[in-house]
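Geometric and topological summary
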Amino acid sequence: MITLYDMSLSGNCHKVRLLLGLLVLPYQIQAVDLRGGEQRSPEHLQRNPFGQVPVLDDEGLIIRDSQAILVYLAKRYGGEKWWPDDAYQLAQIAAWLSTAANEVANGPAKLRVHHKFGSPIDTAAAGHTADKVLGIIDRHLQNQDWLVGDSVSIADIAVYPYLALAPEGGLDIETYSNTLAWFQRLRALPGYVAMPGMWQA
Ligand SMILES: N[C@@H](CCC(=O)N[C@@H](CS)C(=O)NCC(=O)O)C(=O)O
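None of these values were measured; they are calculated from a predicted model.

When strand 3 (residues 55-58) meets strand 4 (residues 61-64), the two strands line up antiparallel, connected through 4 bridges. Paired with Asp-57 across the strands is Ile-62, a residue of strand 4. Here strand 3 folds back onto strand 4, and the loop between the two strands holds 2 residues, one of which, Glu-59, carries a positive phi near 50°.

Structure below.
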């Protein structure tokens, strides 16, 4: 059985819950009390020395980091649809995973942590990063339905949650019409799972 060490309000954890849902994989949740500091317990640091969620335990195989977990699940359980053989397509997916871990994490995700949980941040820098990445993604989606190729991939799953949660970070995303249409395409996928706080039409 797969166990997901999870926090319900975490967009990084939502990436994993979403892919598990789309792949129709059974799993159990082990909630980690981040407010109570459980992520810094010796047991959790053993799973992830960075003291973060998500962490996946698949029959004793421990994987930390949302992007790495998406790669694992796609390759292990997804088949060709989720883990293409083509080198160029894989490179494009890797580029978006990197964007999720960098610009999306340092822009919209950081602003949300600040507005929702009060973490001190450089709001100007995060705002600049958020505007830039939101614009780039919206222009990228102008002529294509998905971030890479002609079907959903883990690139979409990695980037999606913190864009859909951007209003919780005080960002107005109403003008990013290509992005909003992409949200709707993701939400129409069989097995889609939602999360509180995400943009609603
Ligand atoms: N690069 C990591 C970032 C994970 C991360 O920032 N997790 C947050 C929750 S969204 C966390 O566990 N924070 C607790 C802490 O840092 O103490 C990933 O993508 O999984």
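This paragraph deals with unusual backbone geometry. The linkage connecting Val-53 with the following residue, Pro-54, adopts the cis geometry, with an omega of 5°. Within the element layout of this structure, Pro-54 appears in the loop between helix 2 (42-47) and strand 3. In this structure, Val-24 is a non-glycine residue whose phi angle is positive, near 55°. Within the secondary structure, Val-24 sits in the loop between helix 1 (11-22) and strand 2 (27-31).

A word on the UniProt feature "domain: GST C-terminal" (unreviewed entry) in the chain. UniProt's feature table lists "domain: GST C-terminal" (unreviewed entry) at residues 86-201, given in the numbering used throughout. A distance of 35 Å separates the end C-alpha atoms of residues 86-201, which is 61% helix and 0% strand.

Bringing helix 4 (residues 87-117) into the picture now. Its axis deflected by about 60° at Ala-105, helix 4 carries its strongest bend there, up to four residues before the proline Pro-108. Three or more residues of helix 4 are buried, namely Ile-93, Trp-96, Leu-97, Thr-99, Ala-100, Val-104, Gly-107, Pro-108, Ala-109, Leu-111 and Arg-112. Summarising the contacts, the buried residues of helix 4 are in contact with helix 1, helix 3 (66-78), helix 5 (123-140) and helix 6 (154-164). With a side-chain oxygen positioned 3.3 Å from the backbone nitrogen of Tyr-88, the residue opening helix 4 is Asp-86. Trailing helix 4 by a residue or two, Gly-118 shows a phi angle of about 80°, which is positive.

Its 18 residues give helix 5 an end-to-end C-alpha distance of 25 Å, which sits within 8% of 26 Å, the value for a rise of 1.5 Å per residue. When helix 5 is considered as a whole, its buried residues turn out to be Ala-126, Gly-127, Ala-130, Val-133, Leu-134, Gly-135, Ile-137 and Asp-138. You can read the cap of helix 5 off the contacts: a side-chain oxygen lies 3.2 Å from the backbone nitrogen of Ala-124, and it is on Asp-122.

So, on to the sheet that holds strand 3. Within a beta sheet, neighbouring strands are joined by backbone hydrogen bonds and run either parallel or antiparallel to one another. Taken together, 4 strands build an open sheet; the order of strands is 2-1-3-4 and the sheet is mixed. Each having just a single partner strand, strand 2 and strand 4 make up the two edges of the open sheet. For this sheet, the mean angle separating the axes of adjacent strands, direction not counted, is 20°. Set on the sheet, helix 1 makes contact with strand 1 (2-6), strand 2 and strand 3; between it and strand 1 the angle comes to about 155°.

Before going further, it helps to examine the nonpolar core. Counting residues in hydrophobic clusters, the biggest one holds 57 residues, and the most contacted among them are Leu-73 and Trp-182. Per-element accounting of this core gives the leading share, 9 residues, to helix 6. Taken domain by domain, the makeup of this core includes at least three residues from each of domain 1 (2-78) and domain 2 (87-187). Counting 6 residues, the second-largest nonpolar core is a separate cluster that includes Tyr-5, Met-7, Val-32 and Val-55.

Calculation notes
Residues numbered from 1 in each chain as written. Predicted model: local features only at pLDDT ≥ 70, side-chain atom pairs only at ≥ 80, totals over all residues. Heavy atoms only, no water. Pairing = 2+ DSSP bridges. Helix = DSSP H or I, 4+ residues; strand = E, 2+ residues; numbered from the N terminus. UniProt positions renumbered as here; feature names shortened; annotations may be inferred. Bend = angle between axes of the 7 residues up to and from the residue. Buried < 20%, exposed > 50% of the residue type's maximum accessible area, 1.4 Å probe, protein only. Contact = heavy atoms within 4.5 Å. Polar contact = N/O pair within 3.5 Å; in protein donor to acceptor, adjacent residues only side chain to side chain. Expected span 1.5 Å × (residues − 1). Axes fitted to C-alpha atoms, helices over the stretch in contact; angles between N-to-C directions. Core = buried A, V, L, I, M, F, W, Y, C linked by side-chain atoms within 4.5 Å. Domains from an automatic or database assignment.

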